[in-house]
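Here is how the chains run, residue by residue.
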Amino acid sequence: MPGKKRTVRIGNWYKSDDEKVHFVRKRKVPRPSKLRKIVPGQVLILLAGRFQGKRVVFLKQLKSGLLLVTGPFKLNGVPLKRVNSAYVIPTSTKVDVNGVNAGQVDDEYFKRTQAQRRKNEQGFWAKRGELTAEQQAAEKTRLEGKRKTQKSIDDALIAAVKKTPLMKQYLGARFSIGKTTRPHDLVF
Amino acid sequence: MVLTKFVEVGRVVKINYGPQEGRLATIVEILNDKRVLIDGPTTGVQRQVIPIRRLTLTKFNLKGATRGARTGVITKAIKKSDPFAQYAQTLAAKKVAKKVLRAKLNDFDRFRVMILRKRRSALLSTQLKTLKKSTGGKAQAQAKGGNKKK
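An unreviewed UniProt entry annotates chain B as KOW domain-containing protein of Paramecium sonneborni.

Labelled according to an unreviewed UniProt entry, chain A appears under the name 60S ribosomal protein L6, originating from Paramecium sonneborni.

Visitor: I'm lost on the layout of surface pockets in this one. Help?
Guide: In this approach the atoms are scanned with a rolling probe the size of a water molecule, which exposes any empty space left behind. All names here are of chain B. Approximately 880 Å³ is the volume found for the largest pocket. If you list the elements that add at least two residues to the lining of the largest pocket, you get helix H3 (91–104) and helix H4 (107–134). Examining the composition of the lining of the largest pocket, we find that seven residues originate from one element, H4, more than from any other. Looking at the lining of the largest pocket, its residues break down into ten nonpolar, four polar and eleven charged.

Visitor: I tried to follow the pairing of strand E4 (residues 45–51) of chain B on my own but got confused; where do I start?
Guide: On a regular strand, one side chain projects to one face of the sheet and the next to the other, so that they alternate. All names here are of chain B. With five bridges joining them, strand E3 (residues 35–40) and E4 adopt antiparallel strand pairing. In the strand pairing of E4, Arg 35 is matched with Pro 51. Hairpin remark: E3 followed by E4, antiparallel, with four residues in the connecting loop; positive phi at Gly 44, about 80 degrees.

Visitor: Any chance you could explain the UniProt feature "domain: KOW" (unreviewed entry) in chain B here in plain terms?
Guide: Mapped onto the present numbering, the UniProt feature "domain: KOW" (unreviewed entry) falls on residues 6–33 of chain B. Along residues 6–33 of chain B, the helical share is 0% and the strand share 43%, with 12 Å between the first and last C-alpha atoms.

Visitor: Help me out: how do you make sense of the nonpolar core in this one?
Guide: The tendency in soluble globular proteins is for nonpolar side chains to be buried as a group. Core analysis: the largest hydrophobic core is formed by 25 residues, its most contacted members being A:Leu59, A:Val95 and A:Leu171. Contributing elements (two or more residues each) for this core: strand E2 (55–61), helix H4 (133–163) and helix H5 (167–172) of chain A together with H4 of chain B. Take this core: its biggest share by element is five residues, from H4(A). For A:Leu59, the contacting residues outside a window of four places in its chain are A:Pro40, A:Leu68, A:Val69, A:Thr70, A:Leu80, A:Val100, A:Ala102, A:Ile153 and A:Leu157. If you look at the next biggest cluster of nonpolar residues, it comprises 14 residues, including B:Leu24, B:Ala77, B:Ile78 and B:Ala93.

Conventions we followed
- Residues numbered from 1 in each chain as written.
- Chains lettered and ligands numbered in written order.
- Predicted model: local features only at pLDDT ≥ 70, side-chain atom pairs only at ≥ 80, totals over all residues.
- Heavy atoms only, no water.
- 1 Å grid on protein atoms, 1.4 Å probe; cavity = no way out; pocket = protein on both sides within 12 Å on 5 of 7 lines; lining within 4 Å.
- Points joined across faces, edges and corners; volume = space filled by probe spheres on them.
- Helix = DSSP H or I, 4+ residues; strand = E, 2+ residues; numbered from the N terminus.
- Nonpolar A, V, L, I, M, F, W, Y, C, P; charged D, E, K, R; others polar.
- Pairing = 2+ DSSP bridges.
- UniProt positions renumbered as here; feature names shortened; annotations may be inferred.
- Core = buried A, V, L, I, M, F, W, Y, C linked by side-chain atoms within 4.5 Å.
- Buried < 20%, exposed > 50% of the residue type's maximum accessible area, 1.4 Å probe, protein only.
- Contact = heavy atoms within 4.5 Å.

Here it is as structure tokens:
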């Protein structure tokens, strides 16, 4: 008698091997973190990494949620950089960024190119890591382009920074806590 | 020591304790040996009964304050001669104001204060050096400072 097809479960799927599954991010598109009242031109204090304690100028929030900041490079050695807003203290000091155009900088700007990845290869693949002449030329133009963008953004910024007395020195100095500072009492 | 500051009508007082801590007011009426009626219409102190224990007497008096005067009368008297402004000139008041200002400084301000203090002490030390030179090392250094510090 044709009845409803009954599907019978054989049982759970038991993996035969110890498969190592790489962490797969369920969310394909990064959700930009909600920006705590941080405004373009605001001076931020970086809390982690090579530039910890440095005061940098915030330019904009990128699509990935990270904050785009710059030293400016001439003032404190911090280049155009992506920074996680969790590792940042926003201060109430602001620099005028009206003349600054950071529109062409986005997450793609910071992606590692194949030539860069190749350069890091060692051992068996080292030969593969050597760049061809055209790759080297391409790298050169890429870096030149980056220097140009850095310069164009920084020049406008430095002009604005120079207007406030001591701002240049402020951005060049690092933030630190002394013996008597009470961080919970500090107003930023 | 002669006693000069009395609990009397018109005495300007500073509140030491409670929600109004730090504010000034005038004594309007004395109720008993422990409580007074105070009022501070220009300083944000509501007319209230307060134990004397919670007050510090200042050396200023509000002229024209009569016993049990209503708030309006007090306000008029203050308009005529403001003892609160006089109190703000005293060293004690200035110290408090400085402390309040320092607490409000933001990161950039703190940096500027640091730089200015360094400049000031550099000025002082050069003054001191020239004084020492000119009087053969026996001078009392009374170098006056340069920049204003917050």
